[in-house]
Every structure is written in structure tokens, then in C-alpha cells.
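An overview of the molecular structure
Residue strings, one per chain:
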Amino acid sequence: MTQSAARPAGRRGQRLTYLVKRLEMAERARMEEVLRPLGVTLHQYTALSILEAREGLSSAQLARRHVVTPQAMHQLIATMERDRLIERRPDEANRRILRAWLTGHGVQVLKECHRAVDDVEERMLSTLTPEEALAFGSALERCLESLTVPPGGDVVPSP
């Protein structure tokens, strides 16, 4: 696909990269709308979701996985700790490292957030058949992999 004439495009001729960006912006806006009444920002939801998958991360590890600066993560962690969504405990091997864990309250809030975000995803996929939705997800994963796996096949660690 080296010729621009053969390049896939949206119905109105928009570049796919443009459509992906617009989809991402619309998805973020809808997620912020549904998370706001729960008292959670999109950045907090992302961090809580990361901790749900792998609790006990340090602030630096969480920042790398969230793809934010350590300074931004420090502020995010302070706010989540203040709101009792997470707690930090010293690392057993190095007491200077504080590791983050979801609190019971954080787990409950995250469940509510997941339900709200599920509704956003359902809305986004509502005009697709179940088969199209599966194909869409698979295509997105393959596209992401093609941009994150360098030649030679070693996977770049995901955030």
C-alpha cells in the first residue's frame, strides 16, 4: 500500500490516522463525562485500573505504565491517597520506596467507574454487529502491535 490512491480512508476520504485521533478524543470526552459524577478523573481511572491489574507498584512504575511524568504521577497519587482510593505502604526490601494499593473504597469506586465506562464502550460499538465489534478490536490490537513491535519482533513494554 505505497500509493495514496490505494490507501484506506474514511467514507469522506479522511485519513485513518485522523479518524483514530477523532475517535480517541470523542471517547475521552465521553469517559470524562461519565466519570465526573463519580468524583474520578480520567487519569485517576487509568491509574486505578493499572493498580487493579498489578497492585503494589511504586510511583515511578505507575508513571511509566500510565505514560506520564513522575511529577504528574506524584500529584495524582497524592490526590488519590487523600480521597482514600489508594494507600501506600513501604516496600519490604527498601523502606524508602512506597508502593500503591487500592483501598476497599478504591475497589468499590473502580467497579462503579468500570460500569460507566462499559456504557461508553457499548455506545461506541452500538452501530456495529457483534462480529464487526470483534473484528474492530482485533484490528486495533494488530495495528497497535505493528507500531510497538520493532523489526525483529521484540515487544516494546506496554504502559
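Below you will find a few notes about this structure. (Residues numbered from 1 in each chain as written. Predicted model: local features only at pLDDT ≥ 70, side-chain atom pairs only at ≥ 80, totals over all residues. Heavy atoms only, no water.)

1. A word on the overall build of the chain
Counting its secondary structure elements, the chain contains 6 helices and 3 strands. Reading the chain from its N end, one meets helices and strands in the order α-α-β-α-α-β-β-α-α. Put simply, the chain has 159 residues, and 24% of those count as buried. The contacts in the chain between residues at least 6 apart in sequence include a share of 43% that link residues at least 24 apart. In the chain, the 23 positive side-chain charges and the 21 negative ones have mean positions that sit 6 Å from each other. (Helix = DSSP H or I, 4+ residues; strand = E, 2+ residues; numbered from the N terminus. Buried < 20%, exposed > 50% of the residue type's maximum accessible area, 1.4 Å probe, protein only. Contact = heavy atoms within 4.5 Å. Lys, Arg positive; Asp, Glu negative; His and termini not counted. Charge placed at Lys NZ, Arg CZ, Asp CG, Glu CD.)

2. Re the nonpolar core
Counting 25 residues, the largest nonpolar core has Y45, L48, L51, L62, M80 and I86 as its most contacted members. Secondary-structure elements contributing two or more residues to this core are α1 (16-35), α2 (42-53), α3 (59-66), α4 (70-82), β3 (98-102) and α5 (104-125). Of the residues forming this core, the biggest block, 6 residues, is contributed by α2. Filtering out sequence-adjacent residues up to four positions away, L48 remains in contact with M80, L85, I86, L102 and L110. (Core = buried A, V, L, I, M, F, W, Y, C linked by side-chain atoms within 4.5 Å.)

3. A closer look at the packing of α2 against α4
Here α2 crosses α4 at 85°, and the two axes come no closer than 11 Å. One finds that α2 runs roughly perpendicular with respect to α4. On the side of α2, the interface is formed by H43, Q44, A47 and L48, while α4 contributes L76, T79 and M80. Class assignment for the residues of the contact of α2 with α4 results in 4 nonpolar, 3 polar and no charged. (Axes fitted to C-alpha atoms, helices over the stretch in contact; angles between N-to-C directions. Parallel < 35°, antiparallel > 145°, perpendicular 65-115°, else oblique. Nonpolar A, V, L, I, M, F, W, Y, C, P; charged D, E, K, R; others polar.)

4. Details of unusual backbone geometry
The phi dihedral of V67 is positive, around 60°, even though this residue is not glycine. With respect to the element layout, V67 can be found in the loop between α3 and α4. The phi dihedral of R84 falls on the positive side, at around 65°, and the residue is not glycine. For R84, the position within the fold is in the loop between α4 and β2 (86-90). For R84, a relative accessible area of 54% puts it in the exposed group.

5. A short note on the sheet that holds β3
Read from one edge to the other, the open sheet built from 3 strands follows the order β1-β3-β2, with strand pairing classed as antiparallel. Looking at the sheet topology across the chains shown, the edges are occupied by β1 (57-58) and β2. As defined by bridge partners, β2 adjoins β3 across 5 bridges and the pair is classed as antiparallel. The partner of R89 across the bridge, within β3, is R99. (Pairing = 2+ DSSP bridges.)

6. Some words on a negative patch on the surface
A contiguous patch of negative charge on the surface is contributed by D118, D119, E121 and E122. Among the secondary structure elements, E122 is positioned in helix α5. (Patch = residues over 30% accessible without salt bridge, like charges linked within 9 Å, V, L, I, M, F, W, Y side chains within 5 Å. Areas by Shrake-Rupley, 256 points an atom, 1.4 Å probe, with all protein chains shown as cover. Salt bridge = Lys/Arg side-chain N within 4 Å of Asp/Glu carboxyl O.)

7. Some remarks on the packing of α1 against α2
It is at 9 Å that the axes of α1 and α2 come closest, and there the two elements cross at 85°. Relative to α2, α1 is oriented roughly perpendicular. For the pair α1 and α2, contact is made by R28, M31, E32 and L35 and by L42, H43 and Y45, respectively. Grouping the constituent residues of the contact of α1 with α2 by class yields 4 nonpolar, 1 polar and 2 charged.

Geometric values such as these leave the question of function open.
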